[in-house]
There are 2 protein chains.
Amino acid sequence: MAKLNRSLIADVEIFNGLQDEDLDTVLEPASALRVAKDAAVFEQGGAAERFFLLLDGALRVVQTTREGQQVIARYIAAGSLVGIAPAIGRDTYPASAVAAVDCVLLSWPMSAWPDLTARFPVFAANAYRTVGQRLQETQDRVIELSLAQVEQRVANAVLRLVRQTGRKTEDGIEIDFPVSRQDIADMTGTTLHTVSRLLSAWESQGMVRSGRKRISVTDPHRLMLVSQGAKDA
Amino acid sequence: MAKLNRSLIADVEIFNGLQDEDLDTVLEPASALRVAKDAAVFEQGGAAERFFLLLDGALRVVQTTREGQQVIARYIAAGSLVGIAPAIGRDTYPASAVAAVDCVLLSWPMSAWPDLTARFPVFAANAYRTVGQRLQETQDRVIELSLAQVEQRVANAVLRLVRQTGRKTEDGIEIDFPVSRQDIADMTGTTLHTVSRLLSAWESQGMVRSGRKRISVTDPHRLMLVSQGAKDA
DNA sequence: CGGGGCGTTGACCTATGTCAAGACCTGTGG
DNA sequence: CCACAGGTCTTGACATAGGTCAACGCCCCG
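Residues numbered from 1 in each chain as written. Chains lettered and ligands numbered in written order. Predicted model: local features only at pLDDT ≥ 70, side-chain atom pairs only at ≥ 80, totals over all residues. Heavy atoms only, no water.

Under an unreviewed UniProt entry, chain A has the name Crp/Fnr family transcriptional regulator and belongs to Zhengella mangrovi.

(A) Looking closely at the UniProt feature "domain: Cyclic nucleotide-binding" (unreviewed entry) in chain A. Within the UniProt annotation, "domain: Cyclic nucleotide-binding" (unreviewed entry) is assigned to residues 14-107 of chain A. The annotated region residues 14-107 of chain A carries 9% helix and 44% strand content, and the separation between its end C-alpha atoms amounts to 14 Å. (UniProt positions renumbered as here; feature names shortened; annotations may be inferred. Helix = DSSP H or I, 4+ residues; strand = E, 2+ residues; numbered from the N terminus.)

(B) View of the relation of the copies chain A and chain B. Overlay of chain A on chain B (RMSD 0.0 Å): rotation 180 degrees, translation along the axis 0.0 Å. Such a combination of turn and shift is consistent with a two-fold rotation axis. Across chain A, the rotation axis passes nearest the C-alpha of Leu 135 of chain A, at a separation of 2.6 Å. In this assembly the copies share their binding face: 100% of the residues contributing to the interface of chain A also contribute to that of chain B. (Least-squares fit on C-alpha atoms with pLDDT ≥ 70 in both. Contact = heavy atoms within 4.5 Å.)

(C) Spotlight on the packing of helix H5 (residues 150-165) of chain A against helix H6 (residues 181-188) of chain A. All names here are of chain A. The interhelical angle for the contact between H5 and H6, taken along N-to-C directions, is 110 degrees, at an axis separation of 9 Å. Regarding the angle of H5 to H6, the classification is roughly perpendicular. The two elements H5 and H6 cross, and the hand of that crossing is right-handed. Contacts between H5 and H6 involve Arg 153, Val 154, Ala 157, Val 158 and Leu 161 on the former and, on the latter, Ile 184, Met 187 and Thr 188. Each residue belonging to the contact of H5 with H6 can be placed in one class, and the counts come to 6 nonpolar, 1 polar and 1 charged. (Axes fitted to C-alpha atoms, helices over the stretch in contact; angles between N-to-C directions. Parallel < 35°, antiparallel > 145°, perpendicular 65-115°, else oblique. Left-handed = near helix turned anticlockwise from the far one by under 90°. Nonpolar A, V, L, I, M, F, W, Y, C, P; charged D, E, K, R; others polar.)

(D) Expanded view of the sheet that holds strand S12 (residues 214-217) of chain A. Residues and elements named next belong to chain A. In space, the 4 strands of this open sheet follow the order S9-S10-S12-S11, with antiparallel pairing throughout. The strands lining the two open edges of the sheet, one partner per strand, are strand S9 (166-169) and strand S11 (208-211). Shown here is a sheet whose adjacent strand axes are inclined to one another by a mean of 30 degrees, direction ignored. Relative to strand S10 (residues 172-175), S9 is paired through 4 bridges, and the arrangement is antiparallel. Each bridged residue has a counterpart across the sheet, and for Gly 166 the counterpart in S10 is Ile 175. On top of the sheet, helix H7 (residues 192-204) reaches S11 and S12; it is set at about 130 degrees to S11, its chief contact. (Pairing = 2+ DSSP bridges.)

(E) Local environment of the protein's contact with DNA strand D. Not every one of the 16 residues close to DNA strand D is listed here, only the nearest: Val 150, Thr 190 and Thr 194 of chain A together with Ser 196 and Lys 213 of chain B. Counting only atoms of DNA strand D within 4 Å of the protein, the sugar-phosphate share comes to 64%. Within the contact set of DNA strand D, a phosphate oxygen lies 2.8 Å away from a backbone nitrogen or oxygen of Val 150 of chain A. At a separation of 3.0 Å, a base nitrogen of DNA strand D approaches a polar side-chain atom of Arg 197 of chain B. Of all elements in the fold, only H7 of chain A together with helix H7 (192-204) of chain B reach the threshold of two or more residues within the surface near DNA strand D. The element best represented in the surface near DNA strand D is H7 of chain B, accounting for 4 residues. Residues belonging to the surface near DNA strand D are distributed by class as follows: 1 nonpolar, 10 polar and 5 charged. (Near = heavy atom within 4 Å. Polar contact = N/O pair within 3.5 Å; in protein donor to acceptor, adjacent residues only side chain to side chain.)

(F) The protein's contact with DNA strand C, seen in detail. In the neighbourhood of DNA strand C, 18 residues make up the surrounding shell, with Ser 196 of chain A together with Val 150, Thr 190, Thr 194 and Arg 197 of chain B lying closest. Within 4 Å of the protein, atoms of DNA strand C come from sugar and phosphate in 63% of cases. With respect to DNA strand C, the side chain of Ser 196 of chain A contributes an N or O atom lying 2.7 Å from a phosphate oxygen. Within the side chain of Arg 197 of chain A, an N or O atom sits 3.0 Å from a base nitrogen of DNA strand C. Looking at the surface near DNA strand C, the elements that each hand over two or more residues are H7 of chain A together with H7 of chain B. Ranked by residues supplied to the surface near DNA strand C, first place goes to H7 of chain A with 4 residues. Its residues assigned to classes, the surface near DNA strand C comprises 1 nonpolar, 11 polar and 6 charged.

(G) Spatial organisation of the pairing of strand S5 (residues 70-77) of chain B. Residue and element names in this part refer to chain B. The buried count for S5 comes to 6 of 8 residues, which makes it a mostly enclosed element. Relative to S5, strand S4 (residues 58-64) is paired through 7 bridges, and the arrangement is antiparallel. By the bridge assignment, Gln 63 is partnered in S5 with Val 71. The antiparallel hairpin formed by S4 and S5 contains 5 residues in its connecting segment, where Gly 68 sits at a positive phi of about 85 degrees. (Buried < 20%, exposed > 50% of the residue type's maximum accessible area, 1.4 Å probe, protein only.)

(H) Structural context of unusual backbone geometry. Residue and element names in this part refer to chain A. Not every positive phi belongs to a glycine, and Lys 213 is a case in point at roughly 55 degrees. In this fold, Lys 213 is placed in the loop between S11 and S12. Residue classification places Lys 213 among the partly exposed residues on the basis of a relative accessible area of 44%.

(I) The arrangement of the nonpolar core in detail. Residues Phe 15, Leu 59 and Trp 108 of chain A together with Phe 15, Leu 59 and Trp 108 of chain B are the most contacted members of the largest nonpolar core, which totals 94 residues. Judged by nonpolar contacts, the second largest core, of 28 residues, contains Ala 58, Val 62, Ala 155 and Val 217 of chain B. (Core = buried A, V, L, I, M, F, W, Y, C linked by side-chain atoms within 4.5 Å.)

(J) Seen up close, the domain arrangement of chain A. Residue and element names in this part refer to chain A. One can read the domain layout of chain A as domain 1 (6-144) and domain 2 (148-228). Measuring from the centre of the C-alpha atoms in domain 1 to the corresponding centre in domain 2 gives 26 Å. At the interface, 13 residues of domain 1 touch 12 residues of domain 2. Between domain 1 and domain 2, roughly 1,100 Å² of surface is buried when both sides are summed, and carbon and sulfur atoms account for 53% of that area. The largest share of the area that domain 1 buries against domain 2 comes from Ile 72, Tyr 75 and Glu 144, three residues that together contribute 55% of it. The tally of links from domain 1 across to domain 2 stands at 2 salt bridges. Between Arg 60 and Asp 183 there is a salt bridge, and its shortest N-O distance comes to 3.8 Å. The tally of links from domain 1 across to domain 2 stands at 4 residue pairs in polar contact (both at pLDDT 80 or more). Sorting the residues of the side of domain 1 that touches domain 2 by element identifies strand S4 (58-64), strand S5 (70-77) and helix H4 (121-147) as the ones contributing at least two each. The leading source of residues in the side of domain 1 that touches domain 2 is S5, at 5 residues. (Domains from an automatic or database assignment. Buried area = accessible area lost by both parts, 1.4 Å probe. Salt bridge = Lys/Arg side-chain N within 4 Å of Asp/Glu carboxyl O.)

Put into structure tokens, the structure is as follows:
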């Protein structure tokens with residue numbers, strides 16, 4: 001396991017500052033897994049038995065209410081820890097994680113957590129920083145939902161995705177996993193209809209190009225102005 | 001310092017499981033402070049030099065955008081840690097904390113953090129759990145803002161405040177610090193006008209009683225139904 | 001080749017924000 | 001002790017962003 005994965009995880013930010021031998025120790029209790037597109041890595045409410053590091057692919061973290069309404073909490077890009085319930089004293093996952101594309105992950109049993117954090121403070125610090133960042137991001141989203149118009153929120157969501165996973169194509173920068181209008185709606189607290197209308201409008205103004213589960217941004221700068229509430233011209 | 005505060009903090013949840021002598025060690029680097037109503041404990045963006053434990057009173061945690069718009073991130077009740085930036089790897093406060101009433105706090109220099117967490121895992125665990133809870137609450141708020149109507153959000157906000165700090169009076173259960181309509185609006189992403197209309201309506205239906213910066217709930221159960229989107233009768 | 005998932009667009013409706021005017025407290029200074 | 005000023009709350013009238021409902025077109029995959 002260890003030797004095999006060294007190269008894959010060499011540049012994972014969370015392991016920065018670990019020596020090779022330490023890395024081996026960290027990886028010893030880990031196992032690799034692949035998760036097919038649309039399959040769940042873990043489910044909301046399920047017993048938190050393992051925590052994960054996303055090596056490749058992208059995950060959608062989704063929360064569902066009793067009434068079955070969905071909100072997309074965030075997308076996770078390669079290199080991030082996921083399902084780190086124990087870091088925050090939970091024994092159950094607060095959300096579900098679904099593969100947006102085929103993914104490769106490492107996973108550790110929760111039982112490895114105390115040992116890992118105790119022996120590798122740098123790992124612990126990274127994990128807690130991750131939680132902190134998520135708190136910050138979530139808080140930012142509250143502000144956005146409280147104060148910004150739908151158009152700005154949608155523009156922002158698209159820009160975030162592009163920033164996280166943008167890939168250059170002839171059409172501009174494309175979000176490199178499938179995203180539906182409904183997905184964007186679930187990220188911004190609106191409806192697929194409104195998202196559709198906005199994307200159409202932006203497309204006719206030459207800021208984006210989009211199709212079935214595909215969005216590329218051709219004029220990030222102008223879209224950014226929209227996200228900041230420019231009355232437009 | 002230590003002896004003096006023992007009784008005050010004896011039942012603070014975050015210190016559960018600490019022996020008396022450990023408690024003394026924890027308190028040694030701490031100092032107490034009082035903060036008058038409406039004064040700030042720390043300011044958004046300021047260097048995070050100390051972290052705090054609220055012993056008595058209530059704090060309002062506020063985030064302000066560049067454009068000067070405000071959102072109330074949360075209220076902190078006595079017994080909670082505040083300003084624990086280092087727990088999440090920040091060196092600057094992400095929000096401001098303002099005393100909602102006269103408050104008493106303990107504070108430690110950030111430099112005490114590594115030592116405290118290293119020596120008292122139970123303290124560390126408590127701190128991280130606090131962060132986790134806040135992440136969870138913030139996430140819940142995102143869901144609420146995304147899916148619920150204003151009426152439900154306001155009902156929920158009022159109920160949360162009542163649950164956190166409710167005090168029985170002849171009018172029902174009263175939020176025991178001053179809250180204006182604007183405050184409620186800032187907690188729910190709406191306007192003081194809408195909040196005022198809602199409170200008036202509820203009052204005429206006998207669910208609440210309210211006045212200048214004062215709200216009491218007389219029929220929590222019915223208000224709960226409202227918060228869950230009952231069409232009402 | 002057919003069906004289900006996804007997207008587009010129009011028509012309409014309504015929850016809630018905006019604007020405006022005033023009433024009502026409360027604490028402060030004369 | 002009174003009166004005034006500033007902050008707070010209320011209420012009406014009105015405007016509109018964006019949700020809801022409905023119908024249809026378009027892929028893509030099996």
